[in-house]
Amino acid sequence: MLISSILTITVPVADQGAALDFYTRALDFEVRSDNPFPMGRWLTVAPKGETTTLLLASWFPDMAPVGGLVVGSSDLDALAARLREHEVAFDGPSEQAWGRQLLFHDPYGNGFVVSQA
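Residues numbered from 1 in each chain as written. Predicted model: local features only at pLDDT ≥ 70, side-chain atom pairs only at ≥ 80, totals over all residues. Heavy atoms only, no water.

A. Looking closely at the overall build of the protein chain. Of regular secondary structure, the protein chain possesses two helices and eight strands. Secondary structure elements of the protein chain, listed N to C terminal, follow the sequence β-α-β-β-β-β-α-β-β-β. Taken over C-alpha atoms, the radius of gyration comes to 15 Å for the protein chain, in line with the 13 Å a tight globule of 117 residues would show. Projecting the C-alpha coordinates of the protein chain onto the three principal axes gives extents of approximately 45 × 40 × 25 Å. Within the protein chain, the proportion of its 117 residues that are buried is 32%. Of the accessible surface of the protein chain, which amounts to about 7000 Å², a share of 56% is contributed by carbon and sulfur atoms. (Helix = DSSP H or I, 4+ residues; strand = E, 2+ residues; numbered from the N terminus. Rg over C-alpha atoms; globule rule 2.2 N^0.38 Å. Buried < 20%, exposed > 50% of the residue type's maximum accessible area, 1.4 Å probe, protein only. Areas by Shrake-Rupley, 256 points an atom, 1.4 Å probe, with all protein chains shown as cover.)

Here it is, written out as structure tokens:
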């Protein structure tokens with residue numbers, strides 16, 4: 001196998017500190033790395049227990065937001081409640097032909113599709 005895994009997905013953010021707050025407080029992600037980097041911080045987060053991380057990168061000011069990051073949740077109703085608590089706009093949960101889903105954007109316009117696993 002030439003490629004065996006996806007390690008990190010770069011997610012453009014304007015403010016790494018504020019992004020870290022959003023991902024850890026609103027989404028309950030954990031910090032995987034937070035190290036000095038020539039252009040800011042090498043700051044990665046991930047859902048607890050998962051190996052693929054999101055790199056919260058502020059050094060790509062012209063990078064368009066990432067759209068359609070598909071992630072899973074075992075409880076979309078609990079996620080909706082959590083997003084509501086943190087004043088994050090979202091659509092759903094809704095029933096689709098393939099199952100339940102919920103849609104939201106982070107404060108920087110990066111779009112997430114959450115499918116109930």
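B. Region of the structure containing the environment of Gly 49. Structurally, Gly 49 is set in the loop between strand E3 (40-46) and strand E4 (53-57). Separated by 20 residues in sequence, Gly 49 and Phe 29 place their C-alpha atoms 9.7 Å apart. Non-local contacts of Gly 49, meaning those with residues more than four positions away in its chain, are made with Glu 30 and Arg 32. (Contact = heavy atoms within 4.5 Å.)

C. Inspection of the side chain of Ser 33 at higher detail. Inspection of the secondary structure assignment puts Ser 33 in strand E2 (residues 30-37). Among the polar contacts listed, one links the side chain of Ser 33 to the side chain of Thr 44, at a separation of 2.6 Å. With sequence-adjacent residues up to four places away left out, Ser 33 is seen in contact with Trp 42, Leu 43 and Thr 44. (Polar contact = N/O pair within 3.5 Å; in protein donor to acceptor, adjacent residues only side chain to side chain.)

The quantities given are spatial measurements derived from coordinates; they are silent on function.
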